[in-house]
Amino acid sequence: SYTTITKQTGVDHPGNDIKTQGRLLNRLIILSCGLYGNICYVSLQGGSTEQHRINLRTIYIELVFLSFPHTDSFRWVKDGKQFREVLFESGTLTADEKEELQFYQGSYRCYVANELGTAVSDLVHLITEPIPTLAKEKRQKRRLFEEGESTVLYCSPPKSSVAPKIHWMDMQLRHIPRNERVTTSLDGNLYFANLLYSDSREDYTCNAHYINASIIIPKEPIAISVTPSNSVVKNRRPQLQKPAGSHSSYLVLRGQTLTLECIPEGLPTPEVHWERMDGPLSPARAKKLNYDRWLQIENVSEVDDGEYTCIAQNSQGSIKHHYAVTVEAAPYWNKWPADHLYAPGETVRLDCQAEGIPTPNVTWSINGVPITETDSDPRRYVSSGTLILTNVQYSDTAVYQCEATNKHGNILVNTHVHVVELPPQILTADGLVYKATEGQRVLLQCKTFGSPQSKIDWEILDSGPALANAKMSQTSDGNLQISDVSEDDSNIYTCSVRHSNISISAELQVLNRTKIVDPPQDLRVLRGNDAVLHCKFTVDRKLKQPTIQWKKDKHKITSSANDDNEYSDGSLKITDVQMEDSGSYSCEISTKLDSVSATGSITVLDKPASPHSLELSEKKERSVTLSWMPGAENNSPVSEYVIEMKEEQNPEKGPWEEYNRVPPDFRHLEIHLQPYGTYHFRLRAVNGIGSSEPSPPSESYSTSAASKTLPELEQRQFNGPGFKYKIYWRQASDRGPHWKEGSVSHPPFIVNNTGTFIPFEIKVQAVNELGAGPEPVVKTGYSGEDIPLEAPSEVEVTELNKTAVLVRWSPVSMESVRGHLLGYKIHLRKKGPRTHSRRSLPMHVPAADKYRVIKVYGNKVKTVVSDLQFYSSYTLTVAPFNSRGEGPHSKEYHFTTPEAAPGPVSFVSFESPSETEMTLRWEAPEKPNGELTGYLLQYYESAPQQVESIDLPLVTEFTLKGLNPQILYHFELRARTAAGDGEPIVMEGATLLDGEPPSAINITAGQTSVNVSWVPGERQRNFAFSFHYLKKTGGEWEESEKVNSSQAFYQLQGLTPGVQYHLLIRPGNYSWEFKTAGPGTLHELPSSFVTQGWFIGLISAIVLLLLVLLILCYIKKSKGGKYSGNTQTTSPSLLEKSLHVSLEYLNVLGDSSLLWSDVFQLLGKTNTNGPALGKSLLHFKLLSPTGKK
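Residues numbered from 1 in each chain as written. Predicted model: local features only at pLDDT ≥ 70, side-chain atom pairs only at ≥ 80, totals over all residues. Heavy atoms only, no water.

**Side note on the nonpolar core**
Alright, step 1. Counting 22 residues, the largest nonpolar core has Leu444, Trp458, Leu480, Ile482 and Tyr493 as the members making the most contacts within it.
Alright, step 2. Of all the secondary-structure elements, those providing two or more residues to this core are β39 (432–437), β40 (442–444), β42 (456–460), β45 (480–482), β46 (491–497) and β47 (503–511).
Alright, step 3. It is β47 that provides the largest number of residues to this core, a total of four residues.
Alright, step 4. Filtering out sequence-adjacent residues up to four positions away, Tyr493 remains in contact with Leu444, Trp458, Glu459, Ile460, Met472, Leu480, Ile482, Ile504, Ser505, Ala506 and Leu508. (Core = buried A, V, L, I, M, F, W, Y, C linked by side-chain atoms within 4.5 Å. Buried < 20%, exposed > 50% of the residue type's maximum accessible area, 1.4 Å probe, protein only. Helix = DSSP H or I, 4+ residues; strand = E, 2+ residues; numbered from the N terminus. Contact = heavy atoms within 4.5 Å.)

Given below as structure tokens:
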């Protein structure tokens, strides 16, 4: 008899489910509630009363407070009601053995109280159930199938709140082999995509393992018999065995594990592929398990919300299933209040912000009592989840609970508010020495204690306030943060409590940054030589000797005491390098303050291995074909093969002589031989290092004797009927293909279906009806190129700095290039800024920044990609290319760039509500370079003796109060991320003074209007006033419309010419006089008759009339009228030449720059026979000096 108690937990789960499985006898269940330091904990214990074994699972609920004196009482609440009596000194609640186990199932909460308040634990859910048992089953009948069919073997284990682990075994307890064809589902069933004869057996047994109960329940064995089909087994397209249909929906909570399954059947066995419809499927987020039948996402977050697709396919077709995944979230804390000491009269803000989907509801309690059930107090109110206590008193000391709830659960946090008056103290020790290296961030601590909270000031020795330095900022708890420290920041810093004589000092020592001045390079070393990878570094002399660690392919290199591989400067020496020494090497220099690393590589080169497997084929009377297989290249590509031949009949020629050299992609060659000889052949491979050892010799080959040798005939003696060319070709890269042949009467000859970029042996022979010509010489050639077939593999990205990465990949095989490899293209796509919130607004990214292509020429397999954006997500693929185009892309590699300090805010404006207030408004930086955490506003007078710094949350406006209206302030505003403060935007501004009407004006009078102008007052608000004016001869005062003081100009209209006026400004006591211009007071200058309208009209009519007459004359002449004759003219008619004469305007200027005589002389040229106006278009413009057309 025993009891097992387990805990079901999940990330950010609002509560804890405690599930017990056991018998009803001899059980012991203990609920414990107590204090452990500053933690209030709740635990459940269970075990055997006889053996005194306790299986303990402890659940901790944080209770934050500074001090918790003697605890007075503990009480338990079950399902919202008081459970048993109040406990003292101990909060342990032990179950009564007389009660049924089911009696204790429910939700528990513990309350711990003393004189300072009551703390509340989170909810604990206790679930009880008996040990699973298996009802008696009938033995199943043998199931009969034909080969190729599909089936499912069902398990159906006993139900339990904790799902069992399923094992399919035989009677000898051996696991049933699983593969793509035979798989299990999440519910434990065994699926066969198609059955084989070998699947026949009688002992398919499902074993359900209940881990919490420590038992295994075997089901009845299942027998199946598969009979071979008498006919040919028909293939069939895939169908889904699980899930059913084409669509399914899943709801998963943030932090849980999601497993999608896709189990197909079909013949042949289908393959399964997974896709995400709304974006790329990240291999870092999703894992494929169970032979790709499962897609699992651990620790689900909002970014996993979307649609996924499973595609099952074989040679007969495919089928899809779509999964709509909705991610919701139980409440989790985004911001919670901390415990604190407060002085009487202060205002307390307890900020409590929780996220969740749907949005959780936030409620407050005081000492475990909901605030809505307490007496109302005007000093206490809740606003947007924040509890605000104004003018706190000693009686407000309590433990306040914030609880967030949605349909998926609830969370609770305790906050201790202690109202007390205590003198200020600095808890941080005096005289601390802080050390850092250049570029690091340093935090100088100054922890204080007191009530009310002490105001802290930091001073730099001989330099004044620390906050005057843009790199320095003060945290809310008084610490001084210095970013990007340099040697100039080395100094003595003093932290003091304002309005007291309490202070401490701290010394900051900034040392030189550790640097690698001579990093390891990419070495190519001949086998057997020594290799030295340099890693020279500099380190500050105040630091002790650093630690040097070398790694090969990310594994540490350990050396024995007798090894002498490392030099004192950090370099690594490898003696007698061998092929296995090839790899990536990195050195890391570490000190107590910083570390730096650099990477290089060693590629061991050697002569190629000897060719092997020599064979002789196509043995003819005077020729034979030699074929071979290549050996290893040893990191240096083979440039050619040397074929050597030994003739036994001619020993004077030496044992071996070179016969021919062929390209590296040749695998055979036809060799022409002399008669009556015995020959042996061997090969050497040549690369950039040298020649290989000769291959083992081939078998011998003998040619027959010839009666006599005939001299070559002259070409004219070859002529005869039926002359043609006979063409022979065969692939040179394959072993032993036979010659193919064709004929043509004249070139060219086209060979089809040759494949892509295949080397060929080619020979051409002249023949006629009398016979063939001399044996031709073999030539080599290649078929055309095509795009590469293979994608690079093993793509890796190594971060060099925040905006640059090193990209490496494995090269493609040369056979897959199908041409001459020109290099690789890196396709870099920016997916957007990193974010963890679905509520984040999309940021516009220029197209050039979203997609880039980097070309890497030659055989290089790594390159540096720079100019990346901070805090961004990138997708990268690599593809080979040749002259025909680009090959397939590698698998997508996803990487992110780190967060950095943001750029400057993009816009700032001022507004002054009063003479002592100024409101600043701004917009977020265009380049946040991370998740913005807030803003830092600093302002000071013209001399930065006292800099005021304000830490702002994520807001876009802030109002400064209590400003001096007589002072011009300097403002610096920075955005902040976790990586630091951004670049400041610097402004100057002052509050605006109350406006007033102008006291000095300028008056310019016309006949019926007067222009009034003035200079607006600096730093003055708009002031509305009006002009009042009165004729000096009498009448009534007239008033203008309202005028703003910032206009600087106004025109009074509708005045009487030649009249004296009084002018007043209301409100105000200023008056002026002016007189409008009367008749005759303005004199016009005498104008020339040339500018008069009648003269312009007359001249226009004359010119128009002349042009009309001229056109009529030409038309008449072209039709053969008065001027027609037998003599031909030298120019065509106007209609034939398409002469268009258009008179728009005639431009006659007052200065007679265009003379009328010139106009008529130009028009007179139209009577000549020349082509002066043959295809022209005349434009004239008449413009008077007054601008009228």
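Still more ground to cover, so stick around.
**Digging into the UniProt feature "transmembrane region" (unreviewed entry) in the chain**
Alright, step 1. Feature annotation in UniProt assigns "transmembrane region" (unreviewed entry) to the following positions: residues 1094–1115.
Alright, step 2. Within residues 1094–1115, the helical portion is 100% and the strand portion 0%, while the C-alpha atoms at the span's ends are 32 Å from each other. (UniProt positions renumbered as here; feature names shortened; annotations may be inferred.)

**Describing the packing of aromatic side chains**
Alright, step 1. What the rule picks out here adds up to 24 aromatic pairs.
Alright, step 2. Look at Tyr874 and Phe895: their rings are 5.5 Å apart centre to centre, the planes differ by 15°, and that puts the pair in the stacked class. Taken together, the positions of Tyr874 in strand β74 (residues 872–882) and Phe895 in strand β76 (residues 893–896) put the pair 21 residues apart, joining distant regions of the chain.
Alright, step 3. Take Tyr874: its relative accessible area is 3%, and that puts it in the buried class.
Alright, step 4. Joined through ring pairs, the aromatic side chains of Trp76, Phe83, Phe103, Tyr104 and Tyr108 make up one cluster.
Alright, step 5. It is Lys855 that lies over the ring of Phe881; its NZ or CZ is 6.0 Å from the centre. (Phe/Tyr/Trp six-rings, centres within 6.5 Å; stacked < 30°, edge-to-face > 60°. Lys NZ or Arg CZ within 6 Å of the ring centre and 35° of its normal.)

**Points about the sheet that holds strand β57 (residues 612–617)**
Alright, step 1. A sheet is described by the order of its strands in space; here three strands give the open sequence β57-β58-β61, paired in antiparallel fashion. Across the chains shown, the open sheet's two edge strands, defined by having one partner strand only, are β57 and β61 (668–672). Taken over all neighbouring pairs, the strand axes of this sheet differ in orientation by 25° on average, direction set aside. (Pairing = 2+ DSSP bridges. Axes fitted to C-alpha atoms, helices over the stretch in contact; angles between N-to-C directions.)

**Quick word on the pattern of salt bridges**
Alright, step 1. The full count for this structure, using the stated rule, is 42 salt bridges.
Alright, step 2. The partner of Asp79 in a salt bridge is Lys78, and the shortest N-O contact between them spans 3.5 Å.
Alright, step 3. The salt bridge involving Glu886 is made with Lys825; its shortest N-O contact spans 3.5 Å. Taken as a pair, Glu886 in strand β75 (residues 885–886) and Lys825 in strand β71 (residues 823–833) lie far apart in primary sequence, 61 residues in all.
Alright, step 4. Using a relative accessible area of 24% as the deciding quantity, one classes Glu886 as partly exposed.
Alright, step 5. Overall, Lys825 belongs to the buried group, its relative accessible area being 17%.
Alright, step 6. Each of the salt bridges in this network shares a partner with another, and the network as a whole consists of Asp170, Arg174, Arg201 and Asp203. (Salt bridge = Lys/Arg side-chain N within 4 Å of Asp/Glu carboxyl O.)

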